[in-house]
Each structure stands twice: as structure tokens, then as C-alpha cells.
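# Structural features, examined
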Amino acid sequence: MTPTLPTPRPAFVPGRVTKPANAARPAGTPGGKPRGKAQPVPAMPSVNTASISAAIREAADAAKKRVLAITNAHVVPIDGEPFDGTVLVEGGRILALGVSVQVPEGADVLDAKGRWLLPGFIDAHVHLGMHPEGEVGSTSDVNEMTDPVMAAVRAIDAVDPFDPGFDDALAGGITAVNVNPGSGNPIGGLAVALHTHGRYIEEMVLRSPSGLKSALGENPKNVYGEKKQTPSTRLGTALVIRQAFMAAQNWLAKPEPRPRDAQMEALAMVLRREIPWRQHCHRTDDVATAIRLADEFGYELVIDHGTEAHVIADVLAERGIPVLIGPLFTTKSKPELRGRSIANPGKLAAAGVEISIITDHPVVPINFLVHQATFAVKEGLDRDTALRAITINPAKVLGLADRIGSLAVGKDADLVLWSGDPLDVMQRALKVFIGGKPVYTYDDVARVGAAASRV
């Protein structure tokens, strides 16, 4: 029987004063003394809040300096051969890892007992916090469909860290995500890369902005076709994108100082290759249009979805254009999804295309990310590539491969202890760490998981 792992205690919130459960209640309240003659209120003792705050900071600093040692683990670093050994964590980063790593005296030790330790998984295309599951209409903030060009809107301004999907992500071993605006507009807005645990969005941000979302195909032409305005066709969608980039080029050509313009500044980041152009497209001809536009304006292109991208996989491989493929667990709900197949990731990878696998949560529940990888292996994808497709490959797309996506000295200690091989659907995440901090624990006896408090 697998030993029970300790459940993390709720996080302490600096500045919040609480009373013990057995504290005396004031008179006149349930459980207190009966009401009667008013009693004088005793003077409150003075409190040195500055010293309390200092003590909290010192305690937090001390906790960061403690070393965590995860011993007797089957470690899968992704970039490098698996080994049975130890990983040391200090200050939120990986201090050392290997077969013969010595555990420092006084370190906190977690005996993995042979279980699998991997980097946290990464889903590079989700709508977490913007479009909660089961909620529609006014509760969704994923698409600002009031103008075809919404380059300047920012996903970060609409992400709710308390969306239950973030806890589902932890249960699926996912420690980082890229939250995109939706695909209702030809140009949808700026994405943000986040850790999957926190109470305050700035505590979670890994990179902002992490890309600019754009959409080709059925979604934007249907949205604006119903409004009887451009674009109502694929050629109209390409026109909107071209005109926006031409306007941005003209704006950049103006002498400094230029007038502030939120739309132009967002598009200029793409033209300067500071952030990638995240191109939603499914059909092969839409993928070709995405390449054509990227050639015309010289930006860094990432294909999102790429349902039929395998048809021109050789072209994508030759140009070094990555594909974020998915969601894979869906029906063929519209014409441009007729080519959807769980075998397609393997076809792309076999042709030399760097792939990442995505859920597009809530289209597919985010905790099913690893299961999509497993089924892709069943349909021909190499298993090592499958693991890279949910770790280091999306980290590269997000410009974060120096921090996350693999286990190496100096990288963020975003770690997941699995009961066994995560590509075995019977295994599960038992313990999740972000920056060395435990944020999720699964109780193998009670068969229930719990995320650390966000408050």
C-alpha cells in the first residue's frame, strides 16, 4: 500500500489575526454570557504591527532557505536520461540532482519510495480563469467580439485565480499554463503564461505578454458574418490581419516620440519578434495562409490547433514552425475539424515538427492533458516525444525553457511526484510543488486530493 502523503496546511495570510476555536465569546452572542448590565470594555493592549510584519517576513525567508530533499525517486528530467536518486530544492529552485547527491543535515526529506518524479506539465493553450466550465454569457470574458481587431486587450485582465480549473490543473500534474483570449476575432489579444496556484495574479505570472492571439477559419468569419460586417469570409479575415500589420508598420515608421496607441504597441511587439504570433487554424489551407502572412510580415509564427497541419508537415518542419496540437478528445463538431485524429501528433512529430499537446480547456478538461499524450502514444507518437510535448516543448514556445519544462540545476522547482509512469492512465499525481512549495497532495488511502489554500 502506498503510504499517505501529508496534507499541506492552509497558507497563512500576513496581517490576518485569528482567534483559537475555543476563544471566549463576548456576552450576548450565542454561547456567551447572558445579556445584562453593560460591562466596561477593557482597553486593548497596544500591538507593534511593524514587529509582527518583520517576524512574518523573517519566517518566510527562513522557510525559503530550508532545503527540501526528495530521495529514492525515479527521476525523469526530460532533457537527460532517467535515474534513481535524489533532487534537492532550495529557495524555490533545483539545487542539485543525481544518483549520489548527499542530503544536507537539517534538510526536509520526502522519501519518494521509488515513485516517479517529473517536471510539472505545461498546457500552452487554455482559457483558464476567463471561461469557467459550465458558465456562459456574462460570466465568460474570453472574447471581446466588438471589433475584429482587439490586439490590445490582455488576458491577464480577465483571469480569475479562483477558477476551479486551476485546482483541476494541479490534480493533473500541470504547474504552468498559457491563457489565451478566444478565437472569435481575427486578432484576439495578448496571452499570459501563469503558474497554476496563487491568490493574486501577479504572484502567478511567468511571462506577460507571452504572445498575441489571432484566428483564421470558421470562428471569426461566422461571428462577423452574422453581424453583416467584415470579415465574413476567409479572405476577409486575412485582409483584416494584413491591414492591422500595415498600420503597425506605418506607426513604427513615424519619428520618435510616437503617440501612444495600445493596438499599435501590441502589434509592434510581434513585428519586432518580441512575442510570437499565436495563429488559431485547423484546415490545411488556413495553415498555409498563416505561413503566407508570417512570410509577408516577418514575425515568429506558432500554429495553434493545427488539426490538418500534418498534411504539410514537411513545410512546417523545414521552417521550424512549432504546432500546438489539440484538443484531441473532442467530436468533429464543425467542418474544419473533420480531419481531427489522435494519430495526427505522431504524424507531425515523425516529419520533424516540434509539437506540444494542448487541451484548450475548458474544451477538454485540463487534467486530461496527460491522457491526450498517452492516447497519442497509442496511435503512434514516440513516448519520449509525448512527454516533451507537455513539458519542454511548450516551455520553449512560451520563452520559458530556461525556467520550466525540465529538471536541471537552477531551474524552478516545479515538480510532480507520480504514483508511477504518468503515461499509464492508472497512475496519478500524488504531490505537486511550485517553486518548491507544496500546492497539491493526493491522499492514497482516503482517495481524495486537495490543493493548498489560495487565501
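Everything discussed here concerns the structure shown above.
Residues numbered from 1 in each chain as written. Predicted model: local features only at pLDDT ≥ 70, side-chain atom pairs only at ≥ 80, totals over all residues. Heavy atoms only, no water.

## So, the pattern of salt bridges
Once their charged atoms are close, side chains differing in charge can pair, the charge on each being opposite to the other. Applicable threshold: For salt bridges, the criterion is a side-chain nitrogen of Lys or Arg within 4 Å of an Asp or Glu carboxyl oxygen. Helix and strand labels come from DSSP, where a helix needs a run of H or I of at least four residues and a strand needs a run of E of at least two; each type is numbered from the N terminus. Categorising residues by exposure relies on relative accessible area from a 1.4 Å probe, with only protein chains included: less than 20% of the type maximum marks a residue as buried, more than 50% marks it as exposed, and the intermediate range marks it as partly exposed.
Taken as a whole, this structure holds 18 salt bridges when the rule is applied. For the salt bridge of Arg 242 with Glu 296, the shortest nitrogen-to-oxygen distance reads 2.8 Å. Taken together, the residues span a long stretch of sequence, with Arg 242 in helix α5 (residues 234-253) and Glu 296 in helix α7 (residues 284-297) at a distance of 54 residues. Judged by relative accessible area, which is 24%, Arg 242 ranks as partly exposed. We note a salt bridge from Asp 412 to Arg 403, for which the minimum N-O separation is 2.8 Å. Since its relative accessible area comes to 6%, Asp 412 is described here as buried. Here Arg 403 falls in the partly exposed class, since its relative accessible area comes to 26%. A cluster of three or more residues bridged by salt bridges with shared partners is formed by Arg 234, Asp 286, Lys 334 and Glu 336.

## Side note on the sheet that holds strand β10 (residues 277-281)
For clarity, the threshold we go by: Strand pairing follows a simple DSSP-based rule, namely that at least 2 bridges must link the two strands. Convention adopted: a line fitted to C-alpha atoms gives each axis, helices being fitted over their contacting stretch, and angles between N-to-C directions are expressed from 0 to 180 degrees.
Pairing is mixed in the open sheet, where eight strands are placed in the order β6-β7-β8-β9-β10-β11-β12-β13. Whereas interior strands pair on both sides, the edge strands pair on one side only; in this sheet they are β6 (121-126) and β13 (355-357). Each adjacent strand pair in this sheet contributes to an overall mean axis angle of 25°, direction not counted. Across three bridges, strand β11 (residues 301-305) lies against strand β12 (residues 323-325) in parallel orientation. Across the sheet, Asp 304 pairs through a bridge with Leu 324, a residue of β12.

## A closer look at the nonpolar core
For the record, the criterion: Only buried residues count toward a nonpolar core. Its members are Ala, Val, Leu, Ile, Met, Phe, Trp, Tyr and Cys residues joined through side-chain atoms within 4.5 Å. Any pair of residues with heavy atoms lying within 4.5 Å of one another is described as a contacting pair.
In terms of nonpolar packing, the biggest core is built from 100 residues, with Val 179, Leu 267, Trp 277, Leu 316 and Ile 357 touching the most fellow members. A per-element tally of this core places helix α6 (residues 262-271) first, with seven residues. For Val 179, the residues in contact, after removing those within four places along its chain, are Val 126, His 127, Leu 128, Met 130, Ala 155, Val 159, Ala 191, Val 192 and Leu 194.

## Focus: the packing of aromatic side chains
What counts, and what does not: For Phe, Tyr and Trp, rings pair up if their centres lie within 6.5 Å, where Trp contributes its six-membered ring, and each pair is then called stacked (planes under 30 degrees apart), edge-to-face (over 60) or tilted (otherwise).
In this structure the tally under the stated criterion is six aromatic pairs. Ring centres 5.6 Å apart and planes at 35° place the aromatic pair Phe 121 and Trp 418 in the tilted group. In this pair, Phe 121 is assigned in strand β6 and Trp 418 in strand β14 (residues 415-418), connecting sequence segments 297 residues apart. For Phe 121, a relative accessible area of 0% corresponds to the buried category.

Distances and angles like these do not, on their own, reveal function.
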